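One letter stands for each residue in the lines below.
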Amino acid sequence: MSGRDKDIVWEHGENFYPGWRCKYCNTQKAGGGATRLKQHLAHRGAEVVHCRNVPPDVREYFQRDIEKARKATAERARERLRREKAAAEGNYPGDGADAGGGGGGGGILIRFTGIHCTYICTPVSDYEY
Ligand SMILES: [Zn+2]
């Protein structure tokens, strides 16, 4: 999480780096930062005492905020897993087509236009020479 950005949570408490003091109940915490204060206000998390004076709308706001952050983190983890899985299965469209590009074109030409013998004979003999 972004530690240095001015978080909206600091409208509800004072930031004594690396801790804080809650504006509503004056609870002080020596560490933990914005996330802990949010948990304190939202009544979430087992590592922080829950605020007894927080207004209900503030509590709900940070409950949504924590839920949103949790979902975003889970979404990112899922997306990374998907990409790693695709890479492990060798799912790289385009890579194979590029591999034989230079110089070996004659072979591909024969394979695809094998009927037109006169057309192919010239470039192939040129190449061998
Ligand atoms: Zn409080």
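Up top is the structure.
Residues numbered from 1 in each chain as written. Predicted model: local features only at pLDDT ≥ 70, side-chain atom pairs only at ≥ 80, totals over all residues.

Undergrad: Residue-level account of the pairing of strand E2 (residues 19–22), with values.
TA: Residues Trp20 and Cys22 line the buried face of E2, whereas the alternating positions Gly19 and Arg21 sit on a face that is not buried. Of the pairings in the sheet, the one linking strand E1 (residues 13–16) to E2 comprises 4 bridges and is antiparallel in character. The residue of E2 that forms the bridge with Asn15 is Trp20. Taken together, E1 and the strand that follows it, E2, pair antiparallel across an intervening segment of 2 residues. One ladder, built from 2 bridges, connects E2 with strand E3 (residues 28–29); its direction is antiparallel. Bridged to Trp20 within E3 is Lys29. In sequence, E2 turns back onto E3 through a hairpin of 5 residues, with Asn26 there showing a positive phi of about 65°. (Buried ≥ 20, exposed ≤ 12 C-beta atoms within 10 Å, placed from the backbone. Helix = DSSP H or I, 4+ residues; strand = E, 2+ residues; numbered from the N terminus. Pairing = 2+ DSSP bridges.)

Undergrad: Any chance you could break down the packing of helix H1 (residues 33–42) against helix H2 (residues 56–88) for me, citing the residues and the numbers?
TA: The contact between H1 and H2 brings their axes to 8 Å, and the two run at 130°. On the basis of their axis angle, the class for H1 and H2 is oblique. Note on packing geometry: the crossing formed by H1 with H2 is left-handed. Counting all contacts with H1, which are made through Lys38, Gln39, Leu41 and Ala42, the residues of H2 involved are Val58, Arg59, Phe62, Gln63, Asp65 and Ile66. Split by residue class, the contact of H1 with H2 holds 5 nonpolar, 2 polar and 3 charged. (Axes fitted to C-alpha atoms, helices over the stretch in contact; angles between N-to-C directions. Parallel < 35°, antiparallel > 145°, perpendicular 65-115°, else oblique. Left-handed = near helix turned anticlockwise from the far one by under 90°. Contact = placed C-beta atoms within 7 Å. Nonpolar A, V, L, I, M, F, W, Y, C, P; charged D, E, K, R; others polar.)

Undergrad: Any details on unusual backbone geometry? Residues and values, ideally.
TA: The omega angle of the peptide bond from Tyr17 to Pro18 is 0°, so this bond is cis rather than trans. The backbone of Asn26 sits at a positive phi, close to 65°, despite the residue not being glycine. With respect to the helices and strands, the residue Asn26 is situated in the loop between E2 and E3.

Undergrad: Can you tell me about the nonpolar core, naming the residues and giving the values?
TA: Judged by nonpolar contacts, Val9, Trp20, Cys22, Leu37, Leu41, Ala42, Cys51, Val54 and Phe62 together constitute the single largest core of 9 residues. At the level of elements, E2 and H1 are the ones that each hand at least two residues to this core. Here Cys22 is in contact with Gly13, Thr27, Leu37, His40 and Cys51, once residues within four sequence places are set aside. (Core = buried A, V, L, I, M, F, W, Y, C linked by C-beta atoms within 7 Å.)

Undergrad: Requested: an account of the sheet that holds E1, with residues and values cited.
TA: Taken in spatial order, the 3 strands make up an open sheet running E1-E2-E3, and their pairing is antiparallel. Whereas interior strands pair on both sides, the edge strands pair on one side only; in this sheet they are E1 and E3.

Undergrad: Mind laying out H1, listing which residues take part and the relevant values?
TA: Of all 10 residues in H1, 7 are buried; the element is thus mostly enclosed. The complete set of buried residues in H1 reads Arg36, Leu37, Lys38, Gln39, His40, Leu41 and Ala42. The secondary structure elements touched by the buried residues of H1 are E1, E2, E3 and H2. Phi for His43, located one or two positions after H1, is positive at around 60°.

Undergrad: Explain the environment of Pro55 residue by residue, including any values.
TA: Assignment of secondary structure puts Pro55 in the loop between H1 and H2. The class of Pro55 is exposed, set by 12 C-beta atoms lying within 10 Å. Sequence spacing of Pro55 and Leu41 is 14 residues, and the spatial spacing of their C-alpha atoms is 8.8 Å.

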